[in-house]
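Structural overview for review
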Amino acid sequence: MNRAELAIHGGSKVKTTPFGTGKRFGFEEVSELVEALNQNTLFYHFGGKVKQFLHDFNEIYGVRYSVAASSGTAAIHVALGAAGITAGDEVITSPITDQGTLIGILYQNAIPVFADLDPHTYNMDPHSIEARITGRTKAIVVVHLAGNAADMDPIMEIARKHKLKVIEDCAQSYLTKYKGKLVGTIGDYGCFSTNDFKHISTGDGGLVTVNSGDEKDYHVTHAFADKNYQRFGSSVQRDLHHLAPNYRMTELQGAVGIAQLKKLGSICERRQQYGDRITAEIGGLPGIEPHVVEPGNECTYWFYMFRLNLSELSCTRTEFCKALEAEGIPNMEGYIPDVVYMQPLFQNRTAYPDSHYPFELTGMTYERGLCPNAESILQTAVRLPVNEFYTEKDIGEMIAGIHKVASFYGKR
Ligand SMILES: *Cc1c(COP(=O)(O)O)cnc(C)c1O
């Protein structure tokens, strides 16, 4: 391999033109917003925008029922509430995720339990899930990280065997497919986020699919997002048997959501094409382990994350990333700084100040080394932003930058 002089050593940069950009919101959103305001109500139950947003989402996903929420975090909490998760239950989830995955678990006073991950898809390993099941386990929150599907067939089999609810966290995985099926439609509930950093944005917002298709389950889920008000048709039933938060979506978010959903297909298609191209063109480079998508699945890359095999490289990850950056290719070391169970909340067992509840119910502790694959992923990964506004030329230059840096530091 030829070893061109790295930009960080004074050589010429691979990327000299700016990355493609574009507008995420346009006339379609404005027009929906004007209509929403002209309704003279912004309440989801009186207006038509949130209803239309859910209807359109249901069409795309082929589900009968979904419920709107104020965020992805809220959506996951709603699913947990609807699934009947309660104090002292254990919920198995991923140690590499946004904290939004964990918040609802802890607000239900349930105990998060972390399963280890596949080293190259960065998703939960079914064997590790099964090994963490106890008599208290009630649910699995499966995180489909970065647009890539977790291995749902064995996960669903384990869940059925142990009578566990399955909640899919699809916040990063719109239109992601697992063996031809859309993720979010496979477990009992699928949760989505429309915060401003996701494939589509309503500023903030979320959505929960109710995959049983059962009207009673839908009503329970719907009520949990609305203070347990049973609001159907013109009747309102306010009897309060259990706590539920107010996670209602407003008509303004619903309106923007309608317009954003129309763009979802092309956004995901472009990201899939770009991510898959990176994989095809960086495989085989010394020290580079691409983001693995299992055969038959479709990844819509919320980001692209490859790993370094440092035994094949004569540099540290920091040196690699700095060199790539100097070539004009933006990148980050890893994703979150460490696995979530190393956060003070878990180390000190303080979900609530001055309390060890609910951890004290079982004496649960979280040690370094609990999920070795997950820990090592975060120590060796390099994350690239992927964006539907990038051009093929941008992607080609990202790939060329990785080639240049890997060839320079590669030992073979
Ligand atoms: C973004 C995200 C969430 C939380 O969504 P918010 O809308 O920010 O509350 C949850 N899980 C994952 C994996 C996410 O990426």
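Residues numbered from 1 in each chain as written. Predicted model: local features only at pLDDT ≥ 70, side-chain atom pairs only at ≥ 80, totals over all residues. Heavy atoms only, no water.

- The chain carries the name DegT/DnrJ/EryC1/StrS family aminotransferase in an unreviewed UniProt entry, which gives Paenibacillus lutrae as its organism.
- The Sequence similarities (unreviewed entry) field of the UniProt record for the chain holds the comment "Belongs to the DegT/DnrJ/EryC1 family." (UniProt positions renumbered as here; feature names shortened; annotations may be inferred.)

**Quick look at the UniProt feature "modified residue: N6-(pyridoxal phosphate)lysine" (unreviewed entry) in the chain**
- What UniProt calls "modified residue: N6-(pyridoxal phosphate)lysine" (unreviewed entry) maps, in this numbering, to K198.
- Tracing the sequence through the fold places K198 in the loop between β8 (189-193) and β9 (206-210).
- Accessibility expressed as a relative area gives 9% for K198, which makes it buried.
- Contact partners of K198, with chain neighbours within four places excluded, come to R24, A171, Q172, Y174, S193 and W302. (Helix = DSSP H or I, 4+ residues; strand = E, 2+ residues; numbered from the N terminus. Buried < 20%, exposed > 50% of the residue type's maximum accessible area, 1.4 Å probe, protein only. Contact = heavy atoms within 4.5 Å.)

**Here's the deal with the sheet that holds strand β15 (residues 381-385)**
- Pairing is antiparallel across the open sheet formed by 4 strands, whose spatial order is β12-β13-β15-β14. At either end of the open sheet lies a strand with only one pairing partner, and these are β12 (288-289) and β14 (332-333).
- Relative to β15, β14 is paired through 2 bridges, and the arrangement is antiparallel. Its bridge partner being in β15, M332 is matched across the sheet by R383. (Pairing = 2+ DSSP bridges.)

**Here's the deal with unusual backbone geometry**
- Geometrically, the link from Y357 to P358 is a cis peptide bond, its omega value of 0 degrees lying close to zero.
- Its location among the elements puts P358 in the loop between α10 (344-347) and α11 (372-380).
- The phi angle at K163 is positive, at roughly 55 degrees, despite the residue not being glycine.
- Locating K163 in the fold gives a position in the loop between α6 (152-162) and β5 (165-169).
- Of note in this structure, L175 is not a glycine but carries a positive phi near 55 degrees.
- Examined against the element boundaries, L175 turns out to sit in the loop between β5 and β6 (177-178).

**What about the pairing of β15?**
- For β15, the tally of buried residues reaches 4 of 5 residues, placing the bulk of the element in the interior.
- Pairing of strand β13 (residues 303-308) with β15 involves 5 bridges; the strand directions are antiparallel. Residue pairing in the sheet places F303 in a bridge with P385 of β15.

**Quick word on the sheet that holds strand β4 (residues 137-143)**
- Ordered by their spatial adjacency, 7 strands build an open sheet running β1-β9-β8-β5-β4-β2-β3, and the pairing between neighbours is mixed. Whereas interior strands pair on both sides, the edge strands pair on one side only; in this sheet they are β1 (65-69) and β3 (111-114). Across this sheet, the average inter-strand angle for adjacent strands is 25 degrees, counted without regard to direction.
- For β4 and β5, the ladder comprises 5 bridges, and the chain directions are parallel. If you follow V141 over to β5, its bridge partner there is I167.
- Together, β2 (90-93), β3, β4 and β5 form the strand contacts of helix α4 (residues 100-107), whose direction differs from that of β3 by roughly 140 degrees. (Axes fitted to C-alpha atoms, helices over the stretch in contact; angles between N-to-C directions.)

**Here's the deal with the nonpolar core**
- Within the largest apolar cluster, 69 residues are counted, with the highest numbers of intra-cluster contacts made by I96, M152 and Y335.
- A domain split of this core shows at least three residues from each of domain 1 (3-23 + 263-336 + 373-409) and domain 2 (27-260).
- Beyond its immediate sequence surroundings of up to four residues, Y335 is in contact with I96, T97, D98, L145, Q172, W302, F303, M305, L378 and R383.
- Core analysis: the next-biggest nonpolar cluster, separate from the first, contains 30 residues, I278, F320, L324 and A406 among them. (Core = buried A, V, L, I, M, F, W, Y, C linked by side-chain atoms within 4.5 Å. Domains from an automatic or database assignment.)

**Points about the environment of Y61**
- As for its placement among the helices and strands, Y61 is situated in helix α2 (residues 49-61).
- With a relative accessible area of 5%, Y61 lands in the buried category.
- Spatially, the C-alpha atoms of Y61 and Y174 are 9.9 Å apart, while their sequence positions differ by 113 residues.
- Side-chain polar atoms of Y61 contact the backbone nitrogen of L175, separated by 2.9 Å. (Polar contact = N/O pair within 3.5 Å; in protein donor to acceptor, adjacent residues only side chain to side chain.)

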